[in-house]
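Working through the structure, step by step
Listed below, chain by chain, are the residues.
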Amino acid sequence: MSAFVLHGQIKANQAERQENFIHARGNCPSAGAGAPKAGAAPARKRPLIRLTGEKRIDKALSTMAFDSRKYERLRESMVKNQIEARGITDPAVLSAMREVPRHMFVSEALMAQAYSDHPLPIGEQQTISQPYIVAQMTQALQLDRTDRVLEIGTGSGYQAAVLAQIVYRVYTIEKKRNLHIQARKIFDQLRTMNVVTRYSDGTMGWKEESPFDAILVTAGAPEIPATLLNQLAMGGRMVIPVGQSFSQELIKLYRDENGIHQSRLGGCRFVKLVGEYGWRES
Ligand code: SAH
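Residues numbered from 1 in each chain as written. Predicted model: local features only at pLDDT ≥ 70, side-chain atom pairs only at ≥ 80, totals over all residues.

Concerning the overall build of the chain
Counted only if it meets this: In DSSP terms, a helix is any run of H or I states spanning at least four residues, a strand is any run of E spanning at least two, and both are numbered starting from the N terminus. Three exposure classes are used, based on other C-beta atoms lying within 10 Å of a residue's own C-beta, which is placed from the backbone: buried for 20 or more, exposed for 12 or fewer, and partly exposed in between. Note that contacts rest on C-beta atoms placed from the backbone: two residues are in contact if these are within 7 Å.
Check the secondary structure of the chain and you find seven helices and nine strands. When the 282 residues of the chain are sorted by exposure, 33% land in the buried category. Considering only contacts within the chain whose residues lie at least 6 apart along the sequence, 58% involve residues at least 24 apart.

Structural notes on unusual backbone geometry
Omega for the bond connecting serine 210 with proline 211 falls within 30 degrees of zero, at 5°, which places this linkage in the cis form. Mapped onto the secondary structure, proline 211 falls in the loop between strand S5 (195–199) and strand S6 (212–217). Phi at glutamate 124 is positive, roughly 55°, even though this residue is not glycine. As for its placement among the helices and strands, glutamate 124 is situated in the loop between strand S1 (120–123) and strand S2 (126–128). Even without glycine at this site, glutamine 125 takes up a positive phi of about 60°.

Here's the deal with the sheet that holds strand S8 (residues 248–256)
For clarity, the threshold we go by: Strands are treated as partners if at least two bridges between them are detected by DSSP. Angular values range over 0 to 180 degrees, each being the angle between N-to-C directions of two axes fitted as lines to C-alpha atoms, with helices fitted over their stretch in contact.
Spatial strand order, S5-S4-S3-S6-S7-S8-S9: seven strands in an open sheet with mixed pairing. Edge positions in the open sheet fall to S5 and strand S9 (259–268), since each of these has one partner strand only. Direction aside, the axes of adjacent strands within the sheet are offset by 15° on average. When strand S7 (residues 232–243) meets S8, the two strands line up antiparallel, connected through seven bridges. Residue pairing for S8: arginine 237 is matched across the bridge by tyrosine 254. Packing against the sheet, helix H4 (residues 131–140) makes contact with S6, S7, S8 and S9, and its axis sits at approximately 165° to S9.

What to know about the environment of serine 156
In this structure, serine 156 sits in the loop between strand S3 (148–152) and helix H5 (158–166). With 26 C-beta atoms counted inside 10 Å, the residue serine 156 sits in the buried group. Taking the C-alpha atoms as reference points, serine 156 and alanine 183, 27 residues apart in sequence, are found 5.6 Å from one another. Dropping the residues within four chain positions of it, serine 156 is found in contact with Phe105, Val106, Ile122, Ile128 and Ala183.

Focus: H5
Spacing of three or four residues puts side chains on the same side of an α-helix, whose turn is 3.6 residues. Buried residues dominate H5, accounting for eight of its nine residues. Listed in full, the buried residues belonging to H5 are Tyr158, Gln159, Ala160, Ala161, Val162, Leu163, Ala164 and Gln165.

Notes on the site of the ligand
Worth spelling out the cut-off: What makes a residue near a molecule or strand is its C-beta atom, placed from the backbone, lying within 6 Å of it. Put simply, Ala, Val, Leu, Ile, Met, Phe, Trp, Tyr, Cys and Pro go in the nonpolar bin, Asp, Glu, Lys and Arg in the charged bin, and everything else, Gly too, in the polar bin.
In the vicinity of the ligand there are 26 residues, among which Gly153, Gly155, Gln159, Gly202 and Gly275 approach most closely. Looking at the shell around the ligand, the elements that each hand over two or more residues are S2, H5 and strand S4 (169–174). Here the shell around the ligand is built from residues that sort into 10 nonpolar, 12 polar and four charged.

Notes on the pairing of S1
By the bridge criterion, three bridges tie S1 to S2 in an arrangement that is antiparallel. Bridge pairing in S2 places proline 121 opposite threonine 127. Counting the residues between successive antiparallel strands, the hairpin from S1 to S2 contains two residues, one of them, glutamate 124, with a positive phi of roughly 55°.

Section: the confidence of the model for the chain
The test is simple: Confidence scores labelled pLDDT are given residue by residue by the predictor and lie between 0 and 100.
Chain-level pLDDT for the chain is 84 on average; 76% of the residues reach the 70-or-more range. Across residues 1–57 the pLDDT falls below 50, and counting only partners more than four positions away or on other chains, this stretch makes 32 contacts in the model.

Focus: the pairing of S7
In this sheet, S7 lies alongside S6 in parallel orientation, the contact comprising four bridges. Across the sheet, residue leucine 216 finds its bridge partner in S7, namely valine 239. If you look at the hairpin formed by S7 and S8, you'll find four residues sitting between the two strands.

Topic: helix H3 (residues 91–99)
Stated formally: Our arc is simply the arc of the directions from the helix axis toward the C-beta atoms.
All of the buried residues along H3 are Val93, Ala96 and Met97. Buried residues along H3 cover an arc of 95° about the axis, so they all sit on one side.

With respect to the environment of glutamate 84
Here glutamate 84 lies in helix H2 (residues 54–84). Counting along the chain gives 10 residues from glutamate 84 to leucine 94, while the straight-line C-alpha distance between them is 7.8 Å. In contact with glutamate 84, other than residues within four places in its own chain, are Val79 and Leu94.

As structure tokens, this is what we get:
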């Protein structure tokens, strides 16, 4: 079963419990008078009859079940045709992408396109990355269950939610207030407990929580910010798009006793990393 619980579902379940509670009290002759007296005959079990709201709740639940089945199918096809077909093999990454409801991270009008092979607008002139890029970057980080990961550029929150499925804790920074607030809301709604969010300039990193086992920058930088490299643990990995404002190269860095090692993962196109150690605000 999915690890995610929709807010609506929680409400419906609560309402259902409330109904059952009312029902149980109705059945119990000592209702309101504390525990049944010792030696009293046990109350006979009666068939459960819901008292109120039955139709409304059942309808809401069945609509949601339909939707989630529909999106589950789209998600499965996304993983098969866009992710596995292009050579992503890390089981943890594949399973996280099968699990995270990507449609919940875009506006309602774009939900039907959430599993398509391209980025989508998320407001504030920013985008949620194409699913394959998310998978490629996540795999490149070579994550472990115990890792603490820093993400720069929370955006919709989708990438952080994928990371959160795999690692111990995700620290994610967003510099646009509305996106930060919206992402926080969705993490709470999906009960993603291991994502810590922050509203600030991510090019400065998150010194108090450093060093990190992995750092992922999801916006294009003119060069690698030294501040972030300094917050990478020994054995740590970092993935960052570096280059011009409209096209970059995805770079992977690895720190060991001998220093920093760098490899190239291919061309990409991200929105700008704007900040003290990124592009200047225009
Ligand atoms: N990871 C996101 C996609 C991010 S798009 C997702 O899964 O949806 C890039 C994001 O980086 C944008 O939201 C942009 O506002 C943010 N960003 C740009 N410069 C930043 C900075 N210096 N610090 C933090 N966030 C920044």
